[in-house]
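Secondary and tertiary structure notes
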Amino acid sequence: MAVDLLLGLQWGDEGKGKIVDVLTSNYNIIARFQGGPNAGHTLEFDGIKHVLRTIPSGIFHKDSMNVIGNGVVIDPVVFAKELEGLDQFDIDYKKTLIISRKAHVILPTHRLLDAASEASKGKAKIGSTLKGIGPTYMDKTGRNGIRVGDLELSDWKEKYRALADKHEAMIKFYNVDVQYDLEEMEVEFFEAVKVLKSLQFIDSEEYLYQAQKSGKTILAEGAQGSLLDIDFGTYPFVTSSNTTAAGACTGLGVAPNQIGDVYGIFKAYTTRVGSGPFPTELFDEVGAKMAKIGNEFGAVTGRGRRCGWLDLIALKYACQVNGVTKLMMMKGDVLSGFKALKVCTAYNYKGETITHLPYNIEPENLKPIYTDFKGWKEDLTKMTEASQFPKELNDYIDFLEKELEIPIYVVSVGPDRKQTIFR
Ligand code: IMP
């Protein structure tokens, strides 16, 4: 069976957790392939809201297996707390959650390095979630990292000490004020490693290969968004992994010819947390209204998200890079009551009209060109089928489908599992 992918097409926070949760009943296995606890996948059902950080969003379905792939970076401290949060749900995660031996471990000093690096950048800071993501991937590509499989070896603590000592020297080199008590952090870390080690470690590429061969259905769950991809995103204001479709191949060991559907998720408008260019950002009361109605606050850091109109050029780019086959539009309900809507359909780039995402999208070079739409006033949150949609929403959807040449398969009209309309 082919492996389907589910990816965010903007700057993250598109609602991937909710959709994976909705789709999970169609799949035997849900697999995370990149990122780490910088992600906060929010799921709502039965009046409960739950935020997952590293654990795949299929965990609430008793019959699905959840794989944390080799491309993920795991912080045992965050992970142990995440497991604790699951205890109230009676989930047998020792059976249904399995972890790649090749996934890398986030050390306490990776978090400190993240803080030191950001502090040293001053105004040019990335706006990182400070979860140690960048430094851990740096150690991975620098071939210094500690992997989950290493935790099974007798000498792993020596390897840990050598790396943590090196990190402390690096923190001093940054010459910024980072306060910490490593001994205290290590007590928590080593306790959490014990919890991590109580789960099953696997050779995940082999597991997934055999699963495919035996006809099991697999959904690969992306984290962050395509515009935060280390190669194709708005570098350097990106995360440190490949968030796009290719990342699923390297982050799970799935061959490219085994990829089936690529579900691309986008919000009916655009948001971004952290620094970096955002051509359609709104600085007025319209943006503030989107933020308020959409409850646009980061699930991990609580930071307010920047809001703006839908950027069709950036969305087209993300569809291209990922090979999206089906689109899912989230948070259409947030736009109810906006008299007029705008979609960016071209850019003015240094005085010239262009319709592709150029290398440099800093505001001094690039201004959005908008197409106007009439808004809808109906509340969408109680709607259960597409036939109930107002004309203006249908016009908006039809326009996007025509421009992107990809069907919009799902329209989400609220945070709950049930508020999902298949078209
Ligand atoms: P890092 O991955 O924590 O280093 O953060 C790098 C950039 O990606 C920052 O702008 C973050 O705000 C952003 N970022 C990281 N993870 C997420 C996410 O899950 N959703 C939205 N933005 C994210």
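Provided above is the structure to which this section pertains.
The structure displayed is predicted, hence computed values, not measured ones. (Residues numbered from 1 in each chain as written. Predicted model: local features only at pLDDT ≥ 70, side-chain atom pairs only at ≥ 80, totals over all residues. Heavy atoms only, no water.)

Describing the pattern of salt bridges
- Within this structure, the stated rule accounts for 22 salt bridges.
- Note that Arg111 and Asp75 form a salt bridge whose closest N and O atoms lie 3.0 Å from each other. Of this pair, Arg111 sits in helix 4 (residues 108-121) while Asp75 sits in the loop between strand 6 (73-74) and helix 2 (76-86), and the two are 36 residues apart along the sequence.
- Exposure remark for Asp75: the relative accessible area of 1% places this residue in the buried category.
- For Arg101, the salt bridge goes to Asp203, with nearest N and O atoms at 3.0 Å. (Salt bridge = Lys/Arg side-chain N within 4 Å of Asp/Glu carboxyl O. Helix = DSSP H or I, 4+ residues; strand = E, 2+ residues; numbered from the N terminus. Buried < 20%, exposed > 50% of the residue type's maximum accessible area, 1.4 Å probe, protein only.)

What to know about the nonpolar core
- Phe266, Leu327, Met329, Leu335, Tyr396 and Leu400 are the most contacted members of the largest nonpolar core, which has 56 residues in total.
- Per-element accounting of this core gives the leading share, six residues, to helix 12 (residues 391-404).
- With sequence-adjacent residues up to four places away left out, Phe266 is seen in contact with Leu9, Gln10, Glu14, Leu310, Leu315, Leu327, Met328, Met329, Met330, Leu400 and Ile408.
- Within the second largest apolar cluster, 35 residues are counted, among which are Leu43, Phe45, Leu52 and Phe189. (Core = buried A, V, L, I, M, F, W, Y, C linked by side-chain atoms within 4.5 Å. Contact = heavy atoms within 4.5 Å.)

Quick look at empty space enclosed by the protein
- Evaluation of the coordinates by the stated rule reveals one cavity of 30 Å³ or more.
- Size it by volume and the largest cavity reaches roughly 30 Å³.
- Taken together, Leu9, Gln10, Trp11, Leu227, Thr270, Leu310, Asp311, Ala314 and Leu315 make up the full set of residues lining the largest cavity.
- Mapped by element, the contributors of at least two residues to the lining of the largest cavity are strand 14 (310-311) and helix 11 (312-322). (1 Å grid on protein atoms, 1.4 Å probe; cavity = no way out; pocket = protein on both sides within 12 Å on 5 of 7 lines; lining within 4 Å. Points joined across faces, edges and corners; volume = space filled by probe spheres on them.)

Section: unusual backbone geometry
- Omega for the peptide link from Tyr235 to Pro236 comes to 5°, which places this bond in the cis form.
- Relative to the assigned elements, Pro236 resides in the loop between strand 10 (218-221) and helix 9 (245-252).
- The backbone phi angle of Asn175 is positive, close to 55°, even though this residue is not glycine.
- Relative to the helices and strands, Asn175 is located in the loop between helix 6 (156-174) and helix 7 (182-197).
- Phi at Lys350 is positive, roughly 50°, even though this residue is not glycine.
- Looking at where Lys350 falls in the secondary structure, it is placed in the loop between strand 16 (340-349) and strand 17 (352-354).
- Classification of Lys350 as exposed rests on a relative accessible area of 60%.

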